[in-house]
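For reference, the chains in residue letters:
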Amino acid sequence: MSTSVLFLAETNQSPSIMEQRAACEAEGDLIVDAGQVSFLDLPRKLAKEGHELVRGDRIKVYDLTCLPINTMTLVRMMVKVLRRGIAIEFCAPGITIQPDEGSDLYRLIAAFDNHWRRVHGMKTHASDSKPGRKPLLTDDQLPSIRTMLDADGATVGSVAKELGVGRTTLFDFLQRHKDAPSLTS
């Protein structure tokens, strides 16, 4: 037998809990109050209490005003639940999203999720970007650094100061390039 969970949450823009119950509650509904659990944690919390949601179950919410969460976070959570075969019903507007991948509404929600992930990924992870900090010393500086170090009285500290880097930075750079052929000989 399938489980129907009525999630009740009151915000400053939503109807009261009593109004939501009157409009949405059906016999046999498992009632969950947002004071005890957030909408995003609902499936996990139910599973901990022995009411794990499975394919064919349904989550009911009065309407979107009851869910004070970021829209894209809501979309991602909905996609996750729908992929598990759990329907989502918004009672007031009369919208039920079935977990059927052939359903236009399901495909639209999944498309919003994919669009957001693709766009977000492009903005934060440009394909030509290199992670990390820009190097203070580059490979093309190696010949001039070796020339500076070969000068009379030159020390690693004096050369590092002239280059505007720390001695450790210069030591590490030289250590990485110790096998590179010298162009000054």
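Residues numbered from 1 in each chain as written. Predicted model: local features only at pLDDT ≥ 70, side-chain atom pairs only at ≥ 80, totals over all residues. Heavy atoms only, no water.

What follows deals with the pairing of strand β1 (residues 4-8). Each regular strand displays side chains that alternate between the two surfaces of the sheet. Of all 5 residues in β1, 5 are buried; the element is thus mostly enclosed. Of the two faces of β1, the one lined by Ser4, Leu6 and Leu8 and the one lined by Val5 and Phe7 are each fully buried. With 4 bridges connecting them, β1 and strand β2 (residues 30-33) associate as parallel partners. What sits directly across from Phe7, in β2, is Val32. For the segment spanning β1, helix α1 (residues 17-24) and β2, crossover handedness is right-handed. (Buried < 20%, exposed > 50% of the residue type's maximum accessible area, 1.4 Å probe, protein only. Helix = DSSP H or I, 4+ residues; strand = E, 2+ residues; numbered from the N terminus. Pairing = 2+ DSSP bridges. Right-handed = clockwise from strand over helix to strand, strands pointing away.)

What follows concerns a nonpolar patch on the surface. A cluster of nonpolar side chains, Ile95, Leu105, Leu108 and Phe112, forms an exposed patch at the surface whose accessible area comes to about 320 Å². No other element matches the 3 residues that helix α4 (residues 104-124) contributes to the nonpolar patch. Secondary-structure assignment places Leu108 in helix α4. Owing to a relative accessible area of 41%, Leu108 belongs among the partly exposed residues under this scheme. (Patch = residues over 30% accessible without salt bridge, like charges linked within 9 Å, V, L, I, M, F, W, Y side chains within 5 Å. Areas by Shrake-Rupley, 256 points an atom, 1.4 Å probe, with all protein chains shown as cover. Salt bridge = Lys/Arg side-chain N within 4 Å of Asp/Glu carboxyl O.)

Another aspect to go through is the packing of aromatic side chains. Tallied over the entire structure, the rule returns 1 aromatic pair. Over the aromatic face of Trp116 sits the side chain of Arg76, whose NZ or CZ is 4.5 Å from the ring centroid. (Phe/Tyr/Trp six-rings, centres within 6.5 Å; stacked < 30°, edge-to-face > 60°. Lys NZ or Arg CZ within 6 Å of the ring centre and 35° of its normal.)

Honestly, it's all geometry; don't read function into it.
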